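Read off the chains here:
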Amino acid sequence: VMNDIITTMFNKKFMEELFKPQDLYSKKALRTVYDRLAHSSIMRLNQASMDKLYDLMTMAFKYQVLLCPRPRDILLVTFNHLDAIKDFISNSPGILNQVDETFRRLIETYNCLSDGEFQLIRQTLLIFFQDMHIRVSIFLKDKVQNSNGRFVLPISGPVPWGTEVPGLIRIFNHKGVEVKRAEFTTAGNYVTPQREGSFELYGDRVLKLGTNMYSVTRPVETHMSGSSKNLASQAKENIAPNPLAKEELNFLARLLGGLDVQKPAGGETGFRLNLFTTDEEEEHAAQTRPEELSYKVINIEATQEPGRRAELSRILGELEVAEPRPDSAEKGEDLLALMDGL
């Protein structure tokens, strides 16, 4: 399952599309991509479990972006994500090569950006997530999230790399010469970081944001806070997407297969992932979830219209990638293989 999902996620054509300069995807487009990726293997999730998984993902990523010591550290968070993914597929050299290629493209594209550009990226991401205040038990227990779903910024610990520990004020004259110093007491216990995280393909990232949240086993739950329900009702998305949004979703669906994955043939029935304790709890969560918070996912069915089939065939032709595949390759090896398997 992990091999299928990671192979689909890091498909060469899909990565090339993501790396093109473009506006941030809409929430609907992101959810469509997420659904396609989660279901690119034999694993299946019911709507309630899918909603819970998506909520957990969005809040975890928001937490990581929000608590970055400096904007450039967003790249270190991403590298932590990719390092963890590489551990999942350490025994699959073909898939590992896909991830390493994406790693190199990230380094090539983002290592040269200025601090101001990283700040713009960080602010853009936070604006995207600003109305999401979903409570997650793992964050509540660690005291990094309040009961209203908002995150707590620490006032102690290491300061960002390249900065000094607060407590000193320097006063300069008009010629730029320091003429006076004054000290003040800080409320936090700050320390200077020992070293900067590595921005190379291999190395110690130092930063722990983006690493495994489940290093200590504990139950995880997501709850909608009262304030988030109000915000969701105030900022209810238009159910009927505009033509541009529709085209965006259509294109993303084509990149990720465009069709529903068939159930495995023969005796293999696949398996279902339930993120709740019992099936009854999952059904109750699906019934009680506010309508305003339900994600409107557009399913594109390309088998009914001849024109659509011809267009999909043309896209499949463009996705031909002459790459050697391991002997264990099955449906889901890449987007093309996923489509062929349908």
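Rules behind the numbers
- Residues numbered from 1 in each chain as written.
- Predicted model: local features only at pLDDT ≥ 70, side-chain atom pairs only at ≥ 80, totals over all residues.
- Heavy atoms only, no water.
- Core = buried A, V, L, I, M, F, W, Y, C linked by side-chain atoms within 4.5 Å.
- Buried < 20%, exposed > 50% of the residue type's maximum accessible area, 1.4 Å probe, protein only.
- Helix = DSSP H or I, 4+ residues; strand = E, 2+ residues; numbered from the N terminus.
- Contact = heavy atoms within 4.5 Å.
- Pairing = 2+ DSSP bridges.
- Expected span 1.5 Å × (residues − 1).
- Arc of directions from axis to C-beta.

A. How the structure looks around the nonpolar core. Ranked by internal contacts, the top residues of the largest apolar core, which has 45 residues, are Ile6, Phe10, Tyr63, Phe79, Leu82, Val99 and Phe139. Residue assignment for this core shows that the elements contributing at least two residues are α2 (12-18), α3 (27-38), α4 (47-66), α5 (73-88), α6 (93-110), α7 (115-129), β2 (134-136) and α8 (137-141). A per-element tally of this core places α5 first, with 7 residues. Non-local contacts of Val99, meaning those with residues more than four positions away in its chain, are made with Ile6, Phe10, Leu82, Ile85, Lys86 and Ile89. Of all hydrophobic cores here, the second largest spans 7 residues; its members include Ile5, Tyr34, Met43 and Leu45.

B. View of the pairing of strand β4 (residues 168-172). Alignment of β4 against strand β5 (residues 178-183), held across 5 bridges, turns out to be antiparallel. Bridging from a neighbouring strand, Ile169 pairs with Ala182 of β5. From the end of β4 to the start of β5, which pair antiparallel, there are 5 residues, and Gly176 there has a positive phi angle of about 85 degrees.

C. Looking closely at α7. Between its first and last C-alpha, α7 extends 21 Å over 15 residues, near the 21 Å set by a 1.5 Å rise per residue. Restricting attention to buried positions, one finds in α7 the residues Phe118, Arg122, Leu125, Leu126, Phe128 and Phe129. Buried residues of α7 fall within an arc of 155 degrees about the axis and therefore sit on the same side. Exposed residues lying more than 90 degrees from the buried face of α7 are Leu120 and Ile127. In this structure, the buried side of α7 is in contact with α3, α4, α5 and α6.

D. Geometry of unusual backbone geometry. The backbone of Lys143 shows a phi angle near 65 degrees, a positive value even though the residue is not glycine. According to the relative accessible area criterion, Lys143 is exposed, its value standing at 66%. If you check the backbone angles, Val206 has positive phi at about 65 degrees while not being a glycine. Within the secondary structure layout, Val206 lies in the loop between β6 (190-191) and β7 (222-224).

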